[in-house]
Amino acid sequence: MTTIKLHNSKTRKKEVFIPIDPDNVQMYVCGPTVYDRAHLGNARPVVVFDVLFRLLRHVYGDAHVTYARNFTDVDDKINARAAESGREIGEITAETTQWFLDDMGALGALEPTHMPRATQYIPQMVAMIEDLIARGHAYAAEGHVLFAVDSWREGYGQLSGRSVDDMIAGARVEVAPYKKNPMDFVLWKPSDAAQPGWDSPWGRGRPGWHIECSAMSHDLLGESFDIHGGGNDLMFPHHENEIAQSCCANPEGEFARYWLHNEMLQVEGKKMSKSLGNFFTVRDLLGKGVPGEVVRFVFLQTHYRKPMDWTEKKAAEAEATLRKWRALTAGIEPAATAAAAVVDALADDLNTAGAIAEMHKLERMIARQGSAINEPVDLHHGLLSVFLASANLLGLLTDEMGDWAAAPSVDLSAHEARLFAARQTAMETKDFAEVDRLKSAYTEAGLEVRMSKTGVELVPGTGFDAAKLEGLE
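Residues numbered from 1 in each chain as written. Predicted model: local features only at pLDDT ≥ 70, side-chain atom pairs only at ≥ 80, totals over all residues. Heavy atoms only, no water.

## A word on the nonpolar core
Core analysis: the biggest nonpolar cluster contains 77 residues, and Leu40, Leu52 and Trp310 have the highest contact counts within it. A per-element tally of this core places helix H1 (residues 40-60) first, with 13 residues. Aside from chain neighbours lying at most four places away, what touches leucine 40 is Leu265, Met272, Phe280, Thr281, Val282, Leu285, Val295, Phe299 and Trp310. Counting 40 residues, the second largest nonpolar core, distinct from the first, contains Val126, Ile129, Leu159 and Trp188. (Core = buried A, V, L, I, M, F, W, Y, C linked by side-chain atoms within 4.5 Å. Buried < 20%, exposed > 50% of the residue type's maximum accessible area, 1.4 Å probe, protein only. Helix = DSSP H or I, 4+ residues; strand = E, 2+ residues; numbered from the N terminus. Contact = heavy atoms within 4.5 Å.)

Set out below in C-alpha cells:
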C-alpha cells in the first residue's frame, strides 16, 4: 500500500499518515460562511482537500473514506446581509449555499460525504456547551456562555505554538466586562428580536462560531478522527478554540490527529483586496470565460503550503496545456490506476506541483513513443490510458469538465475592437444599425456579447461556431 506523508501543523513536521481505522479514514474541513459568492481565495482549500480526498480514496478505497465539510449558515455577516437586502435569512443561505456548490463543482471538486449546516446542529451545540460548563471549562455571564481558557491553560496554544500569556499580550480581543480572562471566547450569545435565535438554558440566543465545528465533527466523526484541514488563517483562533472545546468536552478522545493548513492566495503578486481592484469571485472568472478546469490546474501548480499567485499568464498557459492534453487523450479510456510517480508525488505531503511535473514527463514519453515507427500501438495506448488516469486522480481531464475544450480557441480581439469602434461611432451619430447588425451576427455565431463604457468582450458559448464569423472581419 502507498505510504502517505503529511505535514502536521500541530507537530510542525512531516509524518507518516496512519489512520485510526484504515476501513474508515475520516477528514473534516472547515467550509464557508454562506453570505455571498465564494472568492478565489475561498476556492483554494476546496481544491487542496479535494485532491487529498481523491488520494485517500485511491489508497484506501472509495467506500472507506469519509469527508465532512460544513456550511456556517448562522453568522452576523448573514444577519447584516439580510438587514441590507430585506430578504429572509433562510432564503439568503439557501441561495448562497447552492452558489458555492455550483462554483466548486465547476472547479471539479467532488461533493464531500457530509455537508452539515450549522443550523441543523443547534441541539448538539447546546449539549456540548452544557457539558463544558459541567466540567468547569465554561461559564455563563449576562446571557453569554464563554469558554474559560484558564481551565485548560496547559493545552491551549499547542496548535499555534504560543502561550496564553503571549497571546494576551499581543491579542486584539473583544473587551467585555463579563469575561474572566481577555482570551475567553464566546460559545453562546444572546439574540434580539431581529436576530436568529434558539431557546437554550441561557435564554434565546445563537452559537458562537467556534463551537459549530466541534459539535458537527463530533456528531459525524466521533471523539477522534484522522485529519482536520482548512486555510492557515483559521489556525488561530478558530482551530485553536476547536481543539480546546473538543478536548475538554471529550477528554477521552484525541479530536484530530493530523492538522493540514493551506497558504493564502495572491493575484498578480499582490494580496487580493477590493481596494486594489484585484478582488474577484470564482463566478467572476467563470463568467469571463475562464474554464473551471483551468482555475484548478493553476491552483495545482503550487504546493498547498506555499502562497499561490494567480496570474493571467498562468491561466493562459494552463488552458493551452489542458487543450493539448485533452486532444492527446481523446477517445482513450483511463487505466485502472494512475502512474506510480504521480501517486508518489501526491503521497509526499500532497505535492501537486510535483505530480504536474510527472504528468509533463509522461507527456514527453508519449510523444517519443508516438514518433517511434516500430513502437507497438498497444503500448502507446496503454501509456495514454495511464496518463489519463493520472490526470483524473488530480481531478483533471474528466468528462464532466470537458465542455469548454470543445469550443476552439480563437482570437476574438479584432471582432471586439470592431464592435467597440462601431459603438463609439454610433454614440456620436445616433445610428446604431451597424452595432445591432454586428451584435446579431456575433450572437448567432454563439458568442455572448458584453459591452461596457471601457470596451467589448465576446465570450464563446457552448454553441460557438467560428465559421459563422467569416466575412465579418
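From this point, things continue past the structure.
## Observations regarding helix H2 (residues 76-85)
The complete set of buried residues in H2 reads Ile78, Asn79 and Ala82. What you see down the axis of H2 is that its buried residues fit within an arc of 105°, all on one side. Exposed residues on H2 whose side chains face more than 90 degrees from its buried face are Ala83 and Glu84. The N-terminus of H2 is capped by aspartate 75, whose side-chain oxygen sits 2.8 Å from the backbone nitrogen of lysine 77. Two residues or fewer after H2 comes glycine 86, characterised by a positive phi angle close to 80°. (Arc of directions from axis to C-beta. Polar contact = N/O pair within 3.5 Å; in protein donor to acceptor, adjacent residues only side chain to side chain.)

## Some details on the sheet that holds strand E8 (residues 205-207)
The antiparallel open sheet is built from 4 strands, whose spatial order is E5-E6-E7-E8. The open sheet has two free edges, formed respectively by strand E5 (138-141) and E8, since each of these has just one partner strand. Within this sheet the neighbouring strands show an average axis-to-axis angle of 20°, counted without direction. Note that E5 and strand E6 (residues 144-147) share 4 bridges and pair antiparallel. Its bridge partner lying in E6, alanine 141 is registered against histidine 144. (Pairing = 2+ DSSP bridges. Axes fitted to C-alpha atoms, helices over the stretch in contact; angles between N-to-C directions.)

## Quick notes on the packing of H1 against helix H9 (residues 292-300)
For the pair H1 and H9, interaxial distance at closest approach is 10 Å and the crossing angle is 75°. The orientation of H1 with respect to H9, classified from their angle, is roughly perpendicular. Residue-level inspection shows Leu40, Ala43, Arg44, Val47, Asp50, Val51 and Arg54 of H1 in contact with H9, the latter providing Val295, Arg296, Phe299 and Leu300. The residue makeup of the contact of H1 with H9, split by class, is 7 nonpolar, no polar and 4 charged. (Parallel < 35°, antiparallel > 145°, perpendicular 65-115°, else oblique. Nonpolar A, V, L, I, M, F, W, Y, C, P; charged D, E, K, R; others polar.)

## Some thoughts on the sheet that holds strand E11 (residues 265-267)
If you walk across this open sheet you meet the 3 strands as E12-E11-E13, and the pairing is mixed. In this open sheet, the two strands that pair with only one neighbour each are strand E12 (270-271) and strand E13 (308-310). As judged from the 2 bridges shared by E11 and E12, these two strands associate in the antiparallel manner. Bridging across to E12, valine 267 finds its partner in lysine 270.

## With respect to the packing of aromatic side chains
Across all of its chains, the model carries 12 aromatic pairs by this definition. For the ring pair phenylalanine 17 and tyrosine 60, a centre distance of 6.3 Å and an interplane angle of 80° mean the geometry is edge-to-face. Pair noted here: phenylalanine 17 is in the loop between strand E2 (13-16) and strand E3 (25-29) and tyrosine 60 is in helix H1, with a separation of 43 residues, a long-range link. Chaining the aromatic ring pairs together yields one cluster made of Tyr28, Phe225, Phe255 and Trp259. Positioned above the aromatic ring of phenylalanine 236, the side-chain terminus of arginine 162 is 4.4 Å from the ring centre. The lysine or arginine in question, lysine 180, covers the ring of tyrosine 139, its NZ or CZ lying 4.4 Å from the ring centre. (Phe/Tyr/Trp six-rings, centres within 6.5 Å; stacked < 30°, edge-to-face > 60°. Lys NZ or Arg CZ within 6 Å of the ring centre and 35° of its normal.)

## Some points on the packing of H1 against helix H11 (residues 340-347)
The N-to-C vectors of H1 and H11 enclose an angle of 120°; their axes lie 11 Å apart at closest approach. Considering the angle they form, H1 stands oblique to H11. Note on packing geometry: the crossing formed by H1 with H11 is left-handed. Where H1 abuts H11, its residues Val51, Leu55 and His58 lie against Val343, Leu346 and Ala347. Its residues assigned to classes, the contact of H1 with H11 shows 5 nonpolar, 1 polar and no charged. (Left-handed = near helix turned anticlockwise from the far one by under 90°.)

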